[in-house]
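Observations on the three-dimensional arrangement
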Amino acid sequence: MKAIFDTIIIVYAFSTDARRDRATEVIALGGTFNRQVLNEFTNILHKKQKLHWMGVRCAVQRRRATWSSVWGVGVVNPLG
């Protein structure tokens, strides 16, 4: 059974504090996340961290390459 990650795990992986390392370790174990989590994550980067949309896009692409196992499983569609 694969883990389904919540938004906060991805946010922690982008943080600069001690939670970053643990979040990255958890993600490396494998799992997936749904579209809502990805949408929430991009909104947090844009609205709370004041990152422009191009920066958000680059951040997501960078993590997509780093977390290929998470993306490799695919983004889960909660509607089926």
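Residues numbered from 1 in each chain as written. Predicted model: local features only at pLDDT ≥ 70, side-chain atom pairs only at ≥ 80, totals over all residues. Heavy atoms only, no water.

To continue, consider the pattern of salt bridges. Under the criterion given, the structure shown has two salt bridges. Between Arg19 and Asp17 there is a salt bridge, and its shortest N-O distance comes to 2.7 Å. When its relative accessible area of 41% is taken as the criterion, Arg19 is described as partly exposed. Of the charged contacts, one joins Glu25 and Arg22 as a salt bridge, the two residues approaching to 3.3 Å between their closest N and O atoms. Placement of both Glu25 and Arg22 in helix α2 (residues 19-28) is noted, with a separation of three residues, approximately one turn of the helix. (Salt bridge = Lys/Arg side-chain N within 4 Å of Asp/Glu carboxyl O. Buried < 20%, exposed > 50% of the residue type's maximum accessible area, 1.4 Å probe, protein only. Helix = DSSP H or I, 4+ residues; strand = E, 2+ residues; numbered from the N terminus.)

This part is about helix α3 (residues 35-48). Every α-helix winds through 3.6 residues per turn, so residues three or four apart in the chain are directed the same way. Between its first and last C-alpha, α3 extends 19 Å over 14 residues, near the 20 Å set by a 1.5 Å rise per residue. Within α3, the full set of buried residues consists of Val37, Phe41, Thr42 and Leu45. Each buried residue of α3 lies within a common arc of 130° when the element is viewed along its axis, so the set occupies one face. Exposed residues pointing more than 90 degrees away from the buried face of α3 are listed as Gln36, Lys47 and Lys48. For α3, the capping residue at the N-terminal end is Asn34, with a side-chain oxygen 3.1 Å from the backbone nitrogen of Gln36. Count one or two residues on from α3 and you reach Lys50, which has phi positive near 55°. (Expected span 1.5 Å × (residues − 1). Arc of directions from axis to C-beta. Polar contact = N/O pair within 3.5 Å; in protein donor to acceptor, adjacent residues only side chain to side chain.)

Everything listed here is a matter of geometry and, on its own, says nothing about what the molecule does.
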